[in-house]
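Topology and contacts: notes
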Amino acid sequence: MVRELVDFSNPNKYETSKLDLQQIVLRAAELVRPDLRRHKIEFVTGFAEANWEAIVNRNQILEVFLNLYMNAIDAMSDGGTLSVKGVIETPPHKKQPYLAIKVIDSGLGISRDLLSRIFDRYYTTKETGTGLGLVVVERIMSAHSGTIQVDSVEGQGTTFTVYFPIAP
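Let me begin by describing the structure that accompanies this report. (Residues numbered from 1 in each chain as written. Predicted model: local features only at pLDDT ≥ 70, side-chain atom pairs only at ≥ 80, totals over all residues. Heavy atoms only, no water.)

Moving on, we get to the packing of helix H2 (residues 21-38) against helix H3 (residues 58-75). It is the contact of H2 with H3, at a shortest axis distance of 9 Å, that shows an interaxial angle of 40°. The orientation of H2 relative to H3 falls into the category oblique. Once H2 is placed against H3, the crossing between them reads as right-handed. Contacts between H2 and H3 pair Leu21, Ile24, Val25, Arg27, Ala28, Ala29, Leu31, Val32, Asp35 and Leu36 from the former with Arg58, Ile61, Leu62, Phe65, Leu66, Tyr69, Met70 and Ile73 from the latter. Looking at side-chain class alone, the contact of H2 with H3 contains 15 nonpolar, no polar and three charged residues. (Axes fitted to C-alpha atoms, helices over the stretch in contact; angles between N-to-C directions. Helix = DSSP H or I, 4+ residues; strand = E, 2+ residues; numbered from the N terminus. Parallel < 35°, antiparallel > 145°, perpendicular 65-115°, else oblique. Left-handed = near helix turned anticlockwise from the far one by under 90°. Contact = heavy atoms within 4.5 Å. Nonpolar A, V, L, I, M, F, W, Y, C, P; charged D, E, K, R; others polar.)

Written out as structure tokens, the structure is:
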């Protein structure tokens, strides 16, 4: 995480290329597969028929999904389902469609009073958390001209949607 923060201050480290987001989503899932098995979490994906290429830095976007997956796994310590869905949709504050990837967990959800703080630096509800994971995710998405949105219902689960501009 510290490396990610340092990379943001060094523009030469930020190299992008046109990559298939589905492949990055699946790679991140491979990396957390032992945690998914240990917690009895089913991993499901579904992507709309579309070109899922975006201009991204592979390692940074991999970091985005790893952070979101690990948070979801933490929210489902007694098992559940982690779904990743790809759709084309227009974010609420934008005017054109984006590649939207939704990371949906069937976990504990986030209470309304905590929801407004989850992107605050150093804020965490975890005993061993740093409070930097979602801060890094938000910065990476911003650096990619994208955005992130969260919807959560306490006791039912959470959906993080990351929006990527459609590559020309």
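That shown, we press on.
Phi is positive for Lys40, close to 60°, though the residue is something other than glycine. Tracing the chain through its elements places Lys40 in the loop between H2 and strand S2 (41-47). The phi dihedral of Ser145 falls on the positive side, at around 60°, and the residue is not glycine. With respect to the helices and strands, the residue Ser145 is situated in the loop between helix H5 (133-143) and strand S6 (147-153).

With that settled, consider H3. Taking 1.5 Å per residue as the helical rise, H3 with its 18 residues ought to reach 26 Å, and the 26 Å between its terminal C-alpha atoms agrees with that figure. Of the positions making up H3, those classed as buried are Gln60, Ile61, Leu62, Glu63, Val64, Phe65, Asn67, Leu68, Tyr69, Ala72, Ile73 and Ala75. The opening residue of H3, the one whose side-chain oxygen lies 3.2 Å from the backbone nitrogen of Asn59, is Asn57. (Expected span 1.5 Å × (residues − 1). Buried < 20%, exposed > 50% of the residue type's maximum accessible area, 1.4 Å probe, protein only. Polar contact = N/O pair within 3.5 Å; in protein donor to acceptor, adjacent residues only side chain to side chain.)

On to the pattern of salt bridges. When the charged atoms of two side chains lie near each other, side chains of opposite charge can form a pair. For the coordinates displayed, the defined rule picks out three salt bridges. Between Arg27 and Glu30 there is a salt bridge, with its nearest N and O atoms 3.1 Å apart. Separated by three residues within a single helix, Arg27 and Glu30 lie in helix H2, roughly one turn from each other. The partly exposed category is assigned to Glu30, whose relative accessible area is 45%. (Salt bridge = Lys/Arg side-chain N within 4 Å of Asp/Glu carboxyl O.)

The next point concerns the nonpolar core. Soluble globular proteins tend to pack their nonpolar side chains together in the buried interior. Counting residues in hydrophobic clusters, the biggest one holds 36 residues, and the most contacted among them are Ile61, Phe65, Tyr69 and Phe164. With eight residues, H3 is the largest single contributor of residues to this core. (Core = buried A, V, L, I, M, F, W, Y, C linked by side-chain atoms within 4.5 Å.)

Now for the sheet that holds S2. Sheet architecture is open: five strands sit in the order S2-S4-S5-S7-S6, paired in mixed fashion. Looking at which strands have only one partner, the edges of the open sheet turn out to be S2 and S6. In this sheet, adjacent strand axes meet at a mean angle of 15° when their direction is disregarded. In terms of strand pairing, strand S4 (residues 80-89) meets strand S5 (residues 98-105) through eight bridges, oriented antiparallel. The partner of Leu82 across the bridge, within S5, is Asp105. Running over the sheet, H2 touches S2, S4, S5 and strand S7 (157-165) and is turned about 175° from S2. (Pairing = 2+ DSSP bridges.)

With respect to the element layout, Asn51 can be found in the loop between S2 and strand S3 (53-56). Expressed as a C-alpha distance, the spacing of Asn51 and Leu21, which sit 30 residues apart in the sequence, is 9.3 Å. A polar atom in the side chain of Asn51 sits 2.9 Å from the backbone nitrogen of Glu53.

Note that Thr147 resides in strand S6. Thr147 gets classed as buried once you look at its relative accessible area, which sits at 14%. With residues up to four places along the chain from it excluded, the contact list for Thr147 reads Pro91, His93, Met141, Thr161, Val162 and Tyr163.

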